[in-house]
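So you can see what is in the structure, the chains are spelled out below.
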Amino acid sequence: MQLSGIGIWSSQLRYGDPTESAEAAAELEELGFDALWIPDVGGPVFDAVERLLAATKRTVIATGILNLWMHEPVDVAASYAQLTAAHGERFLLGIGVSHAPLIGSDRYRKPLAATAAFLDGLDAAEQPVPAENRVLAALGPKMLALAASRARGAHPYLVTPEHTATARSVLGDGPLLLPEQTVILTEDAEQARAVGTEWLRSYLALPNYANNLLRSGFSSDDVAHASDRLIDAIIAWGDEEAIMHRVDEHRSAGADHVCLQVLLPDPQDFPREQWRRIAAAREA
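Just so it is clear, the model here is predicted, and its values are computed rather than measured.

So, how was this worked out
- Residues numbered from 1 in each chain as written.
- Predicted model: local features only at pLDDT ≥ 70, side-chain atom pairs only at ≥ 80, totals over all residues.
- Heavy atoms only, no water.
- Helix = DSSP H or I, 4+ residues; strand = E, 2+ residues; numbered from the N terminus.
- Expected span 1.5 Å × (residues − 1).
- Buried < 20%, exposed > 50% of the residue type's maximum accessible area, 1.4 Å probe, protein only.
- Core = buried A, V, L, I, M, F, W, Y, C linked by side-chain atoms within 4.5 Å.
- Phe/Tyr/Trp six-rings, centres within 6.5 Å; stacked < 30°, edge-to-face > 60°.
- Pairing = 2+ DSSP bridges.
- Right-handed = clockwise from strand over helix to strand, strands pointing away.
- UniProt positions renumbered as here; feature names shortened; annotations may be inferred.
- Salt bridge = Lys/Arg side-chain N within 4 Å of Asp/Glu carboxyl O.

### Considerations on helix α13 (residues 240–253)
For α13, spanning 14 residues, the distance from its first C-alpha to its last is 20 Å, which sits close to the expected 20 Å at 1.5 Å a residue. Within α13 the residues assigned to the buried category are Ile243, Met244, Arg246, Val247, His250 and Ala253. With its phi angle positive at about 120 degrees, Gly254 sits one or two positions after the end of α13.

### Details of the nonpolar core
With 60 residues, the main nonpolar core has Leu13, Phe91, Leu93, Ile95, Leu122, Leu260 and Trp275 as its most contacted residues. Counting 34 residues, the second largest nonpolar core, distinct from the first, contains Tyr157, Ile184, Leu200 and Tyr203.

### So, unusual backbone geometry
Cis rather than trans, the peptide bond between Gly64 and Ile65 has omega equal to 15 degrees. If you trace the backbone, Ile65 turns up in the loop between β3 (60–63) and β4 (66–67). You will see that Lys110, though not glycine, has its phi angle at about 45 degrees, which is positive. By secondary structure assignment, the location of Lys110 is in the loop between α5 (100–103) and α6 (111–124). Even without a glycine there, the phi angle at Leu158 is positive, about 65 degrees. Looking at where Leu158 falls in the secondary structure, it is placed in the loop between β7 (153–154) and α8 (161–171).

### Some details on the packing of aromatic side chains
In the structure shown here, the tally under the stated rule is 8 aromatic pairs. Plain terms: the ring middles of Trp69 and Tyr108 are 5.6 Å apart, the flat faces sit at 40 degrees to each other, and that makes the pair tilted. Linking Trp69 in the loop between β4 and α4 (73–87) with Tyr108 in the loop between α5 and α6, this pair joins segments that are 39 residues apart in sequence. Tyr108 matches Trp69 in its accessibility class, with the two residues each being buried. Consider the rings of Trp199 and Tyr203, whose centres lie 4.8 Å apart with planes at 55 degrees: the pair is tilted. Pair noted here: Trp199 and Tyr203 are both in helix α9 (residues 189–204), with a separation of 4 residues, about one helical turn. A relative accessible area of 14% places Trp199 in the buried class. With relative accessibility at 18%, the residue Tyr203 sits in the buried group.

### Things to note about the pairing of strand β5 (residues 91–96)
Within β5, 6 of the 6 residues are buried, which leaves it mostly tucked inside the rest of the structure. With burial as the criterion, each face of β5 is covered, one bearing Phe91, Leu93 and Ile95 and the other bearing Leu92, Gly94 and Gly96. The pairing of β3 with β5 spans 2 bridges and is parallel. Its bridge partner being in β5, Ala62 is matched across the sheet by Leu92. Note: β4 against β5, 2 bridges, orientation parallel. Note on β5: the bridge partner recorded for Leu66 is Ile95. Assessed by its sense of winding, the connection that carries the chain from β4 through α4 to β5 is right-handed. In this structure, β5 lies alongside strand β6 (residues 134–136), joined through 3 bridges in parallel fashion.

### Looking at the UniProt feature "domain: Luciferase-like" (unreviewed entry) in the protein chain
As annotated by UniProt and renumbered to match this structure, "domain: Luciferase-like" (unreviewed entry) occupies residues 14–257. As annotated, residues 14–257 has a helix share of 55% and a strand share of 13%, and its two end C-alpha atoms lie 20 Å apart.

### Some points on the pairing of β3
The alternating pattern of β3 places Val60 and Ala62 and Ile61 and Thr63 on opposite faces, both of which are buried. Read as a crossover between parallel neighbours, the route from strand β2 (residues 35–38) over helix α3 (residues 45–55) to β3 is right-handed.

### What about the pattern of salt bridges?
For the coordinates displayed, the defined rule picks out 15 salt bridges. We note a salt bridge from Glu249 to Arg246, for which the minimum N-O separation is 3.5 Å. With Glu249 and Arg246 both in helix α13 and 3 residues apart, the pair spans about one turn of that helix. Residue Arg246 is classed as buried on the basis of its relative accessible area of 12%. What emerges from the salt-bridge pattern is a single network uniting Glu20, Glu27, Arg272 and Arg276.

So, in structure tokens, the structure goes:
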């Protein structure tokens, strides 16, 4: 399971029309993307993983992330074993604790300990999920350290190349660092910031992301108002060269693999044209 290039992070592949999801996955494999990443915010996530694995032959299918509050470790391990038996070791299990406002403060307790306990459950299953085939959503130093010791590495979301450099210093050499990078293929600053602001505001209401951005040097005003400074730092927008430049910044900062999430004005649309443009730019 090699992850050294560029992947695609896509909610459309997870929640969009199943037929188009499968067709798009097959095309993304032909375009040469290393991995396809899908979120888990409810619903049968393993059905989506199965569909994408069946539609591809070589590409890694990754959860970015599997919400540990919504699953039991023994069930996850059993599903993982079934999928890898059918499709080979192409399923990278990304695991995360999500956010208190989404889970409920009565359940969302001690996220670091909850993650460690979930990993304990995966290890204790009849068919354990190998540590080398799982990664953790990690932003802060404690979760990054857990990702280095109990998984193959970390999958940070909503981060900058500067965060990537910090994460690499915590992980050290060896563990994989697989950041998500949001992109908008437009050279129109007004359009980019309008689309970006609409998408970003919901994330800024989540304490884990807001606190990480504050740790990263953004002001409370940047976070409260989704400033242009913050949008430009979190979202790479412009032409293909601008997108690839941001990927190179992550790679120079220590990323092994960068997964790109393409935004469109309508979040339900599959950005297939944009994926093709990115693939062509990568090969240029």
